[in-house]
Every structure is written in C-alpha cells, then in structure tokens.
Amino acid sequence: MSQQDQDIDGYFTTARTAARTEAVELPADGWTAYLVDHEDPMLTEVRGLTYREFTDRRREAPFLQDLLASWQALYEEPFTGVTTDGTPRPDLYRLPAEPEPDPAPQAAAEALLALLDPGQRQALRHPVTAPQWRAWSNPEFVIHRVGLRLEELAEDQAAAVHDVLRASLSPEGYARVAGAMELNGVLGRLVDLPLVMNDRSYWFALYGTPDPLEPWGWQLFGHHVAVHFVSVGGRHVIAPVFLGGEPALTEDHPPLFAAREATALELAGSLDAAQRAAAVVYASVLDPAMPEGRVHPADERHVAGAFRDNRVIPYEGIPATELTPRQQALLREVAADCLALLKEPQRAAALALYDRHLPETRFAWYGATDGTQPFYLRLHGPVLLAELDHHAGVWLGNRLPARFHVHTTLRHPNGNDYGRALIDRWQQQQEERERDGRAGQRGGRPAS
C-alpha cells in the first residue's frame with residue numbers, strides 16, 4: 001500500500017484525502033465490481049452486532065474518537081447559521097402577509113402521536129428551538145439518539161412516521177427520501193449487516209406542537225439521510241438536508257441524483273474558456289492545489305454537512321451574472337432539484353427567494369467538466385447553499401471517489417436552517433402584537 005493509501009481505521013484510508021497530480025478517473029467497472037469480499041474482516045468482525053454494539057465498537061477507533069470530539073465541540077456552539085464571514089445577514093427571510101396553511105402535515109403528526117404510548121411521546125417530542133435539532137448525523141453508527149428509532153417501532157407506528165413524511169414532502173421529495181432509505185437497506189443486505197443498515201435504521205423526532213400557524217417541525221436522520229422540516233406562519237422550511245447513497249443506484253433503484261448531475265454537467269460543459277477559468281476552482285477532486293485540510297477524511301469535499309451549522313464558507317466560483325440566460329436557467333434547474341422536497345407552492349416561494357438573490361449567487365466546480373471524472377459542485381448564495389460530492393468507498397472497495405457514492409447537502413445560509421430565522425420572526429411578531437394589545441387596553445376608554 002502506497003503512502004497515498006494508508007489505512008486509517010479499517011474503514012477509511014488516506015487515499016480519499018491524499019493530493020495527486022494525476023487525474024482522478026472514473027472507475028471503468030460498475031459499483032458491483034467494488035463489493036467487499038463477504039469474508040473480509042471488515043465485515044466478519046462486526047457481523048451480527050446490533051446497531052448499539054456496532055456503535056460501541058466503532059467508537060474504539062482513535063480516529064473516530066478525535067472526530068467525534070471535534071463534532072461535539074461544534075454541536076455545543078450556540079447556533080448562528082452558515083455565513084460567508086461569520087456574521088449572519090439580517091432580514092433575508094420573511095413570512096407571508098396572508099398565510100395559507102397546509103393542514104396535512106399537522107394531521108399526520110397528530111395521527112402518529114395518537115398511536116404512541118406516553119413514554120414514546122415523551123422521547124419523541126422536544127421544544128421547537130431545542131438544541132437536539134442540531135444533533136443529527138449521517139454515518140451508519142449512532143452519535144446522538146434523538147427521538148424514536150423506526151426499527152424499534154410497531155408496524156403501524158413506523159407506517160405513521162412515513163405518513164408524516166408523505167404529508168410534509170412533495171411526492172417526488174418523499175420518493176427521493178424513501179429511495180435513499182431503501183438503498184441503505186440494500187447496502188445492509190449486500191454486506192450482511194442488516195442490524196446496522198436497513199430501511200428503518202433512522203431516528204425521528206417531533207419539535208413543538210403541530211399547528212396550522214405556530215412553529216413546529218420534525219427531524220429524520222440516519223445513514224445517508226437527514227431531513228429537517230419546519231412549518232411556521234404558513235411557510236415550510238426543509239433544511240438542512242443531507243441525502244446520499246452507497247451505492248446511489250441499483251438495478252431496481254435508478255440513480256438518486258441522475259437529473260441533477262445531468263443538468264449540472266450540461267451547465268459545466270457549456271462554459272466557455274473564460275467562464276471555466278472562473279467556475280472551476282480545482283482541476284480535480286484531489287487537486288494538489290487544495291489547501292491543507294480542504295478534503296476531510298469523513299466529509300471529503302462537502303462543507304455543509306453534520307455539525308457544520310455555523311461554518312464560515314466563503315464564496316467560490318463564477319457569479320451567476322456572468323452566465324448566459326440559458327446557463328442561468330440550467331443553474332436554476334439545479335436549485336429547483338435541490339429544493340424538490342418542498343411541496344408547491346412552497347417550492348415556488350423558495351425559488352422566488354433564490355431568484356431575488358441571483359446577482360449574489362455563485363457556481364463552483366471541482367474536476368473535469370465533461371463527465372470523465374468524479375466531481376464536486378456548489379451552488380451558493382445568501383439564501384441557498386447546495387452541494388453534490390462524489391466519494392470514495394466506505395462499504396464498497398473504491399479507494400478513490402466514484403459517481404456511485406454520492407453525498408448532497410442543502411442549507412439556508414444566514415440563519416434559516418431549522419427554520420430559525422422565520423421562527424424568530426414569528427416570535428417577534430407575536431411579541432409585537434401582545435405589546436400593541438396591552439398598549440391598546442391601557443389607552444382605551446370605556447364605551448359610552
């Protein structure tokens with residue numbers, strides 16, 4: 001094994017972060033060529049363990065202990081939101097003047113609560129601004145236990161959780177989330193670790209009290225899936241979102257992000273020389289020009305994943321205003337796909353906000369623009385940050401990034417992850433109404 005490919009902890013190697021001058025080519029074979037041998041110690045040493053036992057075993061690795069300590073420190077920070085310079089911009093997010101609430105998520109959440117016993121309801125529920133919102137993670141081992149684990153619920157209770165997802169998400173959004181969960185089950189069967197990875201190895205929690213207008217929401221997270229839904233004042237917010245897959249496709253499951261990748265490649269391939277010079281930040285996903293630490297052994301290139309709620313992320317790439325109208329339309333298609341979990345008209349409202357800030361939005365790319373290499377893309381503006389990154393294998397044997405292991409992220413910068421900016425605005429409006437009401441009572445006169 002070369003110095004570029006040293007084992008870290010039995011699951012990760014240095015190959016995923018080591019700079020290399022040669023191009024990082026896509027594998028010639030499909031993902032099935034990279035299945036780990038069924039009798040590999042990586043699998044046999046943990047086969048049969050429950051998710052709790054597996055988590056305890058994984059936590060023994062010094063690499064993970066250091067990583068978890070750094071994540072815990074980030075989790076304990078007060079929430080401010082992703083920014084470009086450490087200071088959130090105010091007044092970017094507003095509530096509708098004439099809200100039209102959607103009753104379906106509330107009804108589904110109340111139906112779920114009716115099926116739970118008192119202990120389950122207590123475990124499930126948290127205040128609407130509880131810090132547990134930020135405890136999510138995407139590995140297959142458990143870092144924080146928040147809410148209820150789907151595989152430990154009765155069939156009707158687990159089905160009711162999915163009813164909440166269906167009622168809250170667009171049809172295509174629900175299909176994407178459920179598809180990622182199903183692919184996790186496929187992976188668990190492929191490596192014969194169904195107690196660690198299955199289509200129910202996810203945590204679900206409820207925040208606040210379901211209501212047509214008052215702030216409330218839910219959280220779903222586990223391996224390659226993390227979704228946060230907030231309803232407040234007639235607006236829905238679904239962020240942060242982390243969706244991925246290893247593999248991200250099978251014969252029975254089409255690629256999770258095929259449309260987004262195709263649109264992004266069309267956009268990247270349409271760039272002229274000057275545009276390409278501005279948009280392509282690094283020539284490959286392991287470009288030696290990257291500063292030390294730019295590629296993380298767990299996150300690789302994506303910067304907006306778990307525990308990165310307060311990260312300072314400067315803009316990279318080409319300003320959207322330097323793209324042609326057709327290229328801007330393709331960029332908007334990428335943005336729309338990133339927001340696909342939202343129902344209409346909520347998605348239209350989020351896209352209108354994206355449009356409003358298009359002059360400040362940038363598009364960045366790492367890697368070749370012709371589809372011959374794995375790539376990383378980032379769409380970043382004041383109200384939307386979205387990434388797609390191709391990763392090296394964890395449960396598959398590809399040492400270098402490949403398009404069959406994908407991570408995507410979505411955030412609302414400047415404080416509206418978890419709907420916090422809108423929740424703060426809602427609470428401010430309620431306080432103003434209460435003050436106005438008290439002032440009116442003091443200044444009023446008895447009717448004659």
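Refer to the structure above for everything that follows.
A quick note: this is a predicted structure, and the numbers were derived from the prediction, not measured.

Participant: Explain the overall build of the protein chain here, please?
Facilitator: Of the regular secondary structure elements, the protein chain holds 12 helices and 12 strands. The C-alpha atoms of the protein chain give 23 Å as radius of gyration, which agrees with the globular expectation for 448 residues (22 Å, within 12%). With the C-alpha coordinates of the protein chain rotated into their principal frame, the extents come out at 95 × 55 × 40 Å. Residues classed as buried in the protein chain amount to 58% of the 448 residues present.

Participant: What exactly am I supposed to notice about the nonpolar core here?
Facilitator: Generally speaking, a soluble globular protein has its nonpolar side chains buried in company with each other. By size, the foremost hydrophobic cluster in this structure holds 70 residues, and its most contacted members are V177, F204, W218, L220, V225, L243 and W365. In this view, L220 contacts L150, L165, V177, M181, Y202, W203, F204, V225, A226 and V227; residues no more than four positions away in its chain are not counted. Ranked by size, the runner-up nonpolar core spans 56 residues in total, among them L43, A61, A130 and W136.

Participant: I'm lost on helix 6 (residues 155–168) in this one. Help?
Facilitator: Between its terminal C-alpha atoms helix 6 stretches 20 Å, which fits the 20 Å expected from 14 residues at 1.5 Å a residue. Within the sequence span of helix 6, burial applies to Q157, A158, A160, V161, H162, V164, L165, A167 and S168.

Participant: Explain the pattern of salt bridges here, please?
Facilitator: If charged atoms from side chains of opposite charge come close, those side chains can pair. For the structure shown, the criterion picks out 23 salt bridges. Note that R149 and E151 form a salt bridge whose closest N and O atoms lie 2.5 Å from each other. Using a relative accessible area of 2% as the deciding quantity, one classes R149 as buried. Each of the salt bridges in this network shares a partner with another, and the network as a whole consists of R16, E300, R301 and D389.

Participant: Could you clarify how one ought to interpret the environment of T324 in this entry?
Facilitator: For T324, the location among the structural elements is in the loop between strand 8 (318–319) and helix 10 (325–338). Distance from T324 to L271, taken between C-alpha atoms, is 9.3 Å for residues 53 residues apart in sequence.

Participant: Just checking my understanding: could you explain the packing of helix 4 (residues 103–115) against helix 6 for this structure?
Facilitator: When two helices pack together, their arrangement is given by the angle between the helix axes and the distance between those axes. Where helix 4 meets helix 6, the closest approach of the two axes is 8 Å, and the angle between their N-to-C directions is 170 degrees. By the criterion of interaxial angle, the relationship of helix 4 to helix 6 is roughly antiparallel. On helix 6, the residues that touch A104, P105, A108, A109, L112 and L115 of helix 4 are D156, Q157, A160, V161, D163, V164, A167 and S168. Here the contact of helix 4 with helix 6 is composed, by residue class, of 10 nonpolar, 2 polar and 2 charged.

Participant: Explain the pairing of strand 3 (residues 202–208) to me, please; I cannot follow it from the model alone.
Facilitator: Two faces belong to every sheet, and in a regular strand the side chains alternate between them. Most of strand 3 sits out of view: 7 of its 7 residues are buried. Sheet topology places strand 2 (residues 148–149) next to strand 3; 2 bridges connect them, and they run antiparallel. For L148, the partnering residue across the bridge sits in strand 3 and is F204. With 7 bridges joining them, strand 3 and strand 4 (residues 216–222) adopt antiparallel strand pairing.

Participant: Please explain the packing of aromatic side chains as it appears in this structure.
Facilitator: Given two aromatic rings, one states the distance between the centres and the angle between the planes to describe the pair. For the structure shown, the criterion picks out 19 aromatic pairs. Here Y75 and F307 contribute two aromatic rings whose centre-to-centre distance is 6.3 Å and whose plane-to-plane angle is 75 degrees, an arrangement assigned as edge-to-face. Placement of Y75 in helix 3 (residues 62–75) and of F307 in the loop between strand 7 (280–282) and strand 8 is noted, with a sequence separation of 232 residues between them. Taking the centre distance of 3.9 Å and the plane angle of 15 degrees together, the rings of W133 and Y207 count as stacked. On the criterion of sequence distance, the pair formed by W133 in the loop between strand 1 (125–126) and strand 2 and Y207 in strand 3 is long-range, its members being 74 residues apart. Three or more aromatic residues joined by ring pairs form one cluster here, namely F79, W133, Y207 and Y418. Directly above the ring of Y51 sits R149, whose terminal nitrogen or CZ lies 3.7 Å from the centroid. Against the face of Y376 rests R294, its NZ or CZ located 5.7 Å from the ring centre.

Participant: Could you clarify how one ought to interpret the side chain of R294 in this entry?
Facilitator: By secondary structure assignment, the location of R294 is in the loop between strand 7 and strand 8. Although R294 is buried, it makes no salt bridge; E316 carries the closest opposite charge, 4.8 Å away. Among the polar contacts made by the side chain of R294, one reaches the side chain of Y366 at a distance of 3.1 Å.

How each quantity is defined
- Residues numbered from 1 in each chain as written.
- Predicted model: local features only at pLDDT ≥ 70, side-chain atom pairs only at ≥ 80, totals over all residues.
- Heavy atoms only, no water.
- Helix = DSSP H or I, 4+ residues; strand = E, 2+ residues; numbered from the N terminus.
- Rg over C-alpha atoms; globule rule 2.2 N^0.38 Å.
- Buried < 20%, exposed > 50% of the residue type's maximum accessible area, 1.4 Å probe, protein only.
- Core = buried A, V, L, I, M, F, W, Y, C linked by side-chain atoms within 4.5 Å.
- Contact = heavy atoms within 4.5 Å.
- Expected span 1.5 Å × (residues − 1).
- Salt bridge = Lys/Arg side-chain N within 4 Å of Asp/Glu carboxyl O.
- Axes fitted to C-alpha atoms, helices over the stretch in contact; angles between N-to-C directions.
- Parallel < 35°, antiparallel > 145°, perpendicular 65-115°, else oblique.
- Nonpolar A, V, L, I, M, F, W, Y, C, P; charged D, E, K, R; others polar.
- Pairing = 2+ DSSP bridges.
- Phe/Tyr/Trp six-rings, centres within 6.5 Å; stacked < 30°, edge-to-face > 60°.
- Lys NZ or Arg CZ within 6 Å of the ring centre and 35° of its normal.
- Lys, Arg positive; Asp, Glu negative; His and termini not counted.
- Polar contact = N/O pair within 3.5 Å; in protein donor to acceptor, adjacent residues only side chain to side chain.

Such coordinate-based values are descriptive only and should not be taken to indicate function.
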